[in-house]
Amino acid sequence: MAVIFRSISGCITSAESVLITQQSHEELYRVLRQNKQVSSSEQKVVVVSVSPQSRASLAAHYGLSSSEVARRLTSFLKNLGVHHVFDTGFSRSFSLLESQREFLERFRRKEVDKKALPMLASACPGWICYAEKTHGEFILPYISTTRSPQQMMGSLVKGYFASQKGVSPQQIYHVTVMPCYDKKLETREVDCVITSGDTYQIDSYELLGHAGSGSGGYLHHIYKHAAKQLFGVEVDELTYKTIKNKDFQEVTLEKDGQVLLRFAAVYGFRNIQNLVQKLKRGKSQYHFVEVMACPSGSLNGGGQLKPSSDQTNKELLQQVEELYHGERTSVPEQDSRVAELYQSWLESVGKEIARPLLHTQYHAVEKNTNGLSIKW
Ligand code: SF4
């Protein structure tokens, strides 16, 4: 498989960058070339983290299974000189667990804090960039502070993994393969204090996805957890109700005619605008919203591979969805690898020490700032 990655700003790549173009491979190749010219103590440790959405996109493009893509990609990258290949599905388990905990904490203080709910998901940098620039101080308190899977992976790689390897964070060169270019907007926050270890390389363990949407399954995991923890209700399957269109859906938990939980999945710019307007008018009844900038969510991200000439966008998306959802799923609460890392790195699940490492902050951005460009 001929694959060359584009590295943007030193730490972002996209599945669309799986192209043989001059510009695409410069940054990564420069680091790999340099590594061959210096002594081992001066070399960068090169780490590539691949998102499950990118794997599914590549699998559809090359007619392979998702795990076969992981195997070939790992072998290809290692032949190039990359030292470690990780799967951001692993760091997503941390994002999901922390999101579940954050939601419970917000729900319990909703009577005294009018901006505790709805909690708005924060895994989509396109949405975060728009929120910071366009709705600033009004919207920020609603946005979940939990780091996205890419940010979590950045923290894991530059912190925990670096300390395990006995190298400084600066000695690590971390490239991520993501479904959209907007993920580069998160690179301002990926340096931190935690990382995973060799045992989590995608070539050495079974790849596991997560239940729920192709955008990370935030609604699914938080809803099930909250139903159980807050109301003692065990939810097996979620029933989605289409509200305005397929990209605006709702799930409710009801008991004795009373709505206990009202969650929504809101994708695409127009639906997001409607949601924000409702919030501003005090008309939103939601407790949690999975907000994603791309119509149809992350499997349809702008950085995914394009359809072939005999294929429509819709057909390709359906194929990518099938491949993505075809993977066995992991329940973050039951994942022993995640539990081990919580113990060794954060002392225990839910401890205060985890907070600054797993959460982030947002800042209102002046509208005349030119540095960030939003692509919807
Ligand atoms: S919804 Fe689109 S912009 Fe947002 S994280 Fe997913 S692919 Fe990126």
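What counts, and at which threshold
- Residues numbered from 1 in each chain as written.
- Predicted model: local features only at pLDDT ≥ 70, side-chain atom pairs only at ≥ 80, totals over all residues.
- Heavy atoms only, no water.
- Helix = DSSP H or I, 4+ residues; strand = E, 2+ residues; numbered from the N terminus.
- Expected span 1.5 Å × (residues − 1).
- Buried < 20%, exposed > 50% of the residue type's maximum accessible area, 1.4 Å probe, protein only.
- Contact = heavy atoms within 4.5 Å.
- Pairing = 2+ DSSP bridges.
- Axes fitted to C-alpha atoms, helices over the stretch in contact; angles between N-to-C directions.
- Polar contact = N/O pair within 3.5 Å; in protein donor to acceptor, adjacent residues only side chain to side chain.
- Phe/Tyr/Trp six-rings, centres within 6.5 Å; stacked < 30°, edge-to-face > 60°.
- Near = heavy atom within 4 Å.
- Nonpolar A, V, L, I, M, F, W, Y, C, P; charged D, E, K, R; others polar.
- Domains from an automatic or database assignment.
- Core = buried A, V, L, I, M, F, W, Y, C linked by side-chain atoms within 4.5 Å.
- Salt bridge = Lys/Arg side-chain N within 4 Å of Asp/Glu carboxyl O.

Caption draft 1: How the structure looks around helix α7 (residues 218-231). The terminal C-alpha atoms of α7 lie 19 Å apart, and with 14 residues this matches the ideal 20 Å at 1.5 Å per residue to within 8%. Inspection of α7 places Tyr218, Leu219, His220, His221, Ile222, Tyr223, His225, Ala226 and Ala227 among the buried residues, and these make up the whole buried set. As for α7, its buried residues are in contact with α4 (88-108), β4 (119-120), α6 (149-165), β7 (248-255), β8 (258-267) and β9 (288-292). Directly after α7, the chain includes Gly232, whose backbone phi takes a positive value near 65°.

Caption draft 2: A look at the sheet that holds β7. On the basis of which strands lie adjacent, the open sheet formed by five strands has the order β4-β9-β8-β7-β6 and mixed pairing. The sheet is open, and its two borders are formed by β4 and β6 (241-242), each paired with just one other strand. Bridge analysis of β8 against β9 gives five bridges, and the strand direction is parallel. Looking across to β9, one finds that Tyr267 is bridged to Met292. Contacts between α7 and the sheet are confined to β4, β7, β8 and β9, with β8 contributing the most and set at about 165° to the helix. Set on the sheet, helix α8 (residues 269-280) makes contact with β4, β7, β8 and β9; between it and β8 the angle comes to about 140°.

Caption draft 3: Focus on the side chain of His225. Locating His225 in the fold gives a position in helix α7. Discounting chain neighbours no more than four positions away, the residues touching His225 are Gln100, Leu104 and Glu333.

Caption draft 4: Representation of the environment of Asp335. Along the chain, Asp335 turns up in the loop between α9 (313-325) and α10 (336-346). Polar contacts involving the side chain of Asp335 include one to the side chain of Arg337, which spans 2.7 Å.

Caption draft 5: Region of interest: the packing of aromatic side chains. Taken as a whole and assessed by the stated rule, the structure comprises 13 aromatic pairs. On the numbers, 6.4 Å between centres and 45° between planes, the contact of Phe248 with Tyr286 is tilted. Of this pair, Phe248 sits in strand β7 while Tyr286 is found in the loop between α8 and β9, placing the two residues 38 residues apart along the sequence. Note on accessibility: Phe248 and Tyr286 belong to one class, buried. Each ring, one from Phe263 and one from Phe288, has its centre 5.3 Å from the other, and the planes form 45°; the classification is tilted.

Caption draft 6: Examining the site of the ligand more closely. If you check the shell around the ligand, you find ten residues, and the closest are Cys124, Cys180, Cys294, Ser298 and Gly301. Considering only residue class, the shell around the ligand consists of six nonpolar, two polar and two charged. Summarising the domain contributions, the shell around the ligand has at least three residues from each of domain 1 (13-90 + 148-207) and domain 2 (94-146 + 211-325).

Caption draft 7: Molecular detail of the nonpolar core. Phe103, Leu120, Trp127 and Ile139 are the most contacted members of the largest nonpolar core, which has 47 residues in total. For this core, the secondary-structure elements that each account for two or more residues are α4, β4, α5 (125-139), α7, β7, β8, α8 and β9. At seven residues, the largest contribution of residues to this core is made by β8. Counting 23 residues, the second-largest nonpolar core is a separate cluster that includes Val157, Ala162, Val167 and Leu341.

Caption draft 8: The arrangement of the pattern of salt bridges in detail. Going through the model one piece at a time under the given rule, you end up with 13 salt bridges. Between Asp87 and Arg55 there is a salt bridge, with the nearest N and O atoms lying 3.0 Å from each other. With Asp87 in strand β3 (residues 84-87) and Arg55 in helix α2 (residues 52-62), this residue pair connects regions lying 32 residues apart in the sequence. Arg55 matches Asp87 in its accessibility class, with the two residues each being buried. Among the ionic pairs, Glu234 bridges to Lys228, the shortest N-O distance being 3.8 Å.

Caption draft 9: Focus on unusual backbone geometry. Across the junction of Leu117 and Pro118, the peptide omega takes the value 0°, indicating a cis bond. Relative to the helices and strands, Pro118 resides in the loop between α4 and β4. Here the phi dihedral of Asp256 falls at roughly 50°; this positive angle occurs in a residue that is not glycine. If you trace the backbone, Asp256 turns up in the loop between β7 and β8.

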